[in-house]
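# A closer look at the structure
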Amino acid sequence: MDELLLSKVRLGIVAALLASEWTSFGALAETTQTTGGNLGANLAKLVDAGYVEEEKLFVARRPQSRYRLSARGRKAFLEHVAQLQSLVKGAS
Amino acid sequence: MNSSEAREHLEMAERIVAASTRELSLRYAAPFFIAWGLASGTVCLIFQLIERGLVPATATWASGGLLAAAVIFSIVYARRKARCGAGLTFLQREFLNVLWIAMGVAFVSNAGGWNIFPTFGLSAIYTIAASIVLFYIGLHENRRALLGGIVLLASLVVANFMPSVVGYVLAAGFYLGYAGFGVAELMARE
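Only a predicted model underlies this, so the values are computations on that prediction, with no experimental measurement involved.

### A few points about the interface of chain B and chain A
- On the chain A side, the residues contacting the 23 residues of chain B number 29 residues.
- Ranking the residues of chain B by area buried against chain A places Leu10(B), Ile16(B) and Phe90(B) at the top, with a combined share of 24%.
- Summed over the shared surface of chain B and chain A, the number is two salt bridges.
- Here Glu8(B) and Lys8(A) are joined by a salt bridge, their closest N and O atoms 2.7 Å apart.
- Scanning the region where chain B abuts chain A turns up three residue pairs in polar contact (both at pLDDT 80 or more).
- Considering each element in turn, the side of chain B that touches chain A owes the most residues, twelve residues, to helix α1 (residues 3-21) of chain B.
- Considered class by class, the residues forming the side of chain B that touches chain A number eleven nonpolar, eight polar and four charged.

### Observations concerning the side chain of Ser123(B)
Residues and elements named next belong to chain B.
- Following the sequence through the fold, serine 123 ends up in helix α5 (residues 121-139).
- Look at serine 123 and you get buried, because its relative accessible area is 15%.
- Look past the residues within four positions of serine 123 in its chain and what remains in contact with it is Cys44, Leu170 and Phe174.

### Comments concerning the packing of aromatic side chains
Residues and elements named next belong to chain B.
- Under the definition given, this model contains six aromatic pairs over all chains.
- Ring plane angle 25° and centroid distance 6.3 Å describe the contact between phenylalanine 33 and phenylalanine 95, whose orientation is recorded as stacked. Of this pair, phenylalanine 33 sits in helix α2 (residues 30-51) while phenylalanine 95 is found in helix α4 (residues 90-112), placing the two residues 62 residues apart along the sequence.
- Judged by centre distance (6.5 Å) and plane angle (20°), the ring pair of phenylalanine 95 and tyrosine 136 falls under stacked.

### Thoughts on the confidence of the model for chain B
Residues and elements named next belong to chain B.
- Mean pLDDT over chain B stands at 89; residues scoring 70 or higher make up 96%.
- Across chain B, element-level confidence peaks in helix α6 (residues 143-161) with a mean pLDDT of 96 and bottoms out in helix α3 (residues 60-84) with 86.
- Overall fold confidence for the complex sits at a pTM of 0.78, while the interface term, ipTM, reaches 0.85.

### Some words on the nonpolar core
Residues and elements named next belong to chain B.
- Membership of the largest hydrophobic core comes to 35 residues, with the highest contact counts inside it found for Leu26, Phe33, Phe95, Val133, Leu134, Ile137 and Tyr178.
- Elements supplying a minimum of two residues to this core: α2, α4, α5, α6 and α7 (166-189).
- Top contributing element to this core by residue count: α5, with eight residues.
- With near-sequence residues (within four places) excluded, valine 133 lies in contact with Phe33, Phe95, Leu99, Ala102, Met103 and Tyr178.

### A closer look at a nonpolar patch on the surface
- Among the surface-exposed residues, Val157(B), Val158(B), Phe161(B) and Met162(B) lie close enough to one another that they form a single nonpolar patch of about 400 Å² accessible area.
- By the secondary structure assignment, Val157(B) is in helix α6.

### Here's the deal with the pattern of salt bridges
Residue and element names in this part refer to chain B.
- For the coordinates displayed, the defined rule picks out seven salt bridges over all chains.
- With a shortest N-O distance of 3.0 Å, glutamate 185 and arginine 144 are connected by a salt bridge. Taken as a pair, glutamate 185 in helix α7 and arginine 144 in helix α6 lie far apart in primary sequence, 41 residues in all.
- Given a relative accessible area of 28%, arginine 144 falls into the partly exposed group.

### A few points about the layout of surface pockets
Residues and elements named next belong to chain B.
- A volume near 960 Å³ is recorded for the second largest pocket.
- If you trace the second largest pocket, you find 32 residues lining it, with Trp36, Ser40, Leu67, Phe107 and Tyr126 closest to the centre.
- Among the secondary structure elements, those contributing two or more residues to the lining of the second largest pocket are α2, α3, α4, α5 and α7.
- Top contributing element to the lining of the second largest pocket by residue count: α4, with nine residues.
- Looking at side-chain class alone, the lining of the second largest pocket contains 23 nonpolar, eight polar and one charged residues.

Definitions and cut-offs
- Residues numbered from 1 in each chain as written.
- Chains lettered and ligands numbered in written order.
- Predicted model: local features only at pLDDT ≥ 70, side-chain atom pairs only at ≥ 80, totals over all residues.
- Heavy atoms only, no water.
- Contact = heavy atoms within 4.5 Å.
- Buried area = accessible area lost by both parts, 1.4 Å probe.
- Salt bridge = Lys/Arg side-chain N within 4 Å of Asp/Glu carboxyl O.
- Polar contact = N/O pair within 3.5 Å; in protein donor to acceptor, adjacent residues only side chain to side chain.
- Helix = DSSP H or I, 4+ residues; strand = E, 2+ residues; numbered from the N terminus.
- Nonpolar A, V, L, I, M, F, W, Y, C, P; charged D, E, K, R; others polar.
- Buried < 20%, exposed > 50% of the residue type's maximum accessible area, 1.4 Å probe, protein only.
- Phe/Tyr/Trp six-rings, centres within 6.5 Å; stacked < 30°, edge-to-face > 60°.
- pLDDT = per-residue confidence, 0-100.
- Core = buried A, V, L, I, M, F, W, Y, C linked by side-chain atoms within 4.5 Å.
- Patch = residues over 30% accessible without salt bridge, like charges linked within 9 Å, V, L, I, M, F, W, Y side chains within 5 Å.
- Areas by Shrake-Rupley, 256 points an atom, 1.4 Å probe, with all protein chains shown as cover.
- 1 Å grid on protein atoms, 1.4 Å probe; cavity = no way out; pocket = protein on both sides within 12 Å on 5 of 7 lines; lining within 4 Å.
- Points joined across faces, edges and corners; volume = space filled by probe spheres on them.

As structure tokens, this is what we get:
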């Protein structure tokens, strides 16, 4: 299993990014129901691992970050989910 | 990780993915529907009033101005939204493609087919295109859009049997079905 995606928060972030082009930090916080600090720390780990791409821009002169899933992150997510499914199937 | 934790993680991921791929949230696009519903409805109204001799034929220019205003509003609003950087889901992107295809086909039919579709037939083309757009949204668990599409199509059928007030009926369809959907979408998400 993917060590990075064993965290429920990080798995939720990747799932939230799966169906979007770019997603803002605020929208991610809302979808994953995570506090700003927790989300930021987990996003940084995903960005460092190359699973998520980050873009910084200015909106109304305020800095804002938006994120999207990389090809590597998508592949890791699909493999991780397949392993979770086989674990659940194996137990039942 | 044990199987119950794995199940919990899977359910959470499925819930998040399903929310962004199943339901087509269009709150961001609601102002487009309101602007174009009002503009299209008013154009129908103006042509009906001209036909009945209630306003002079020069009022045709007002309809051109209204449509131009709707175009300018759409461009300005879309640029402002794009600057926010929030991005779209792939489903929202697909919806926009359906919207542009339907409206583009309607526009070309309108601009190039005035001998085939005389008088209010040209407005009816937009009624059909707009209802296709709303039915597409309706397919993604949005009942307000389904209702809007039904209202638009109903206005077409009713107008067919009321030849003296076709413009009024088509205008009502755009106001209630298209602009009304935009208002309902704004209210539902707040």
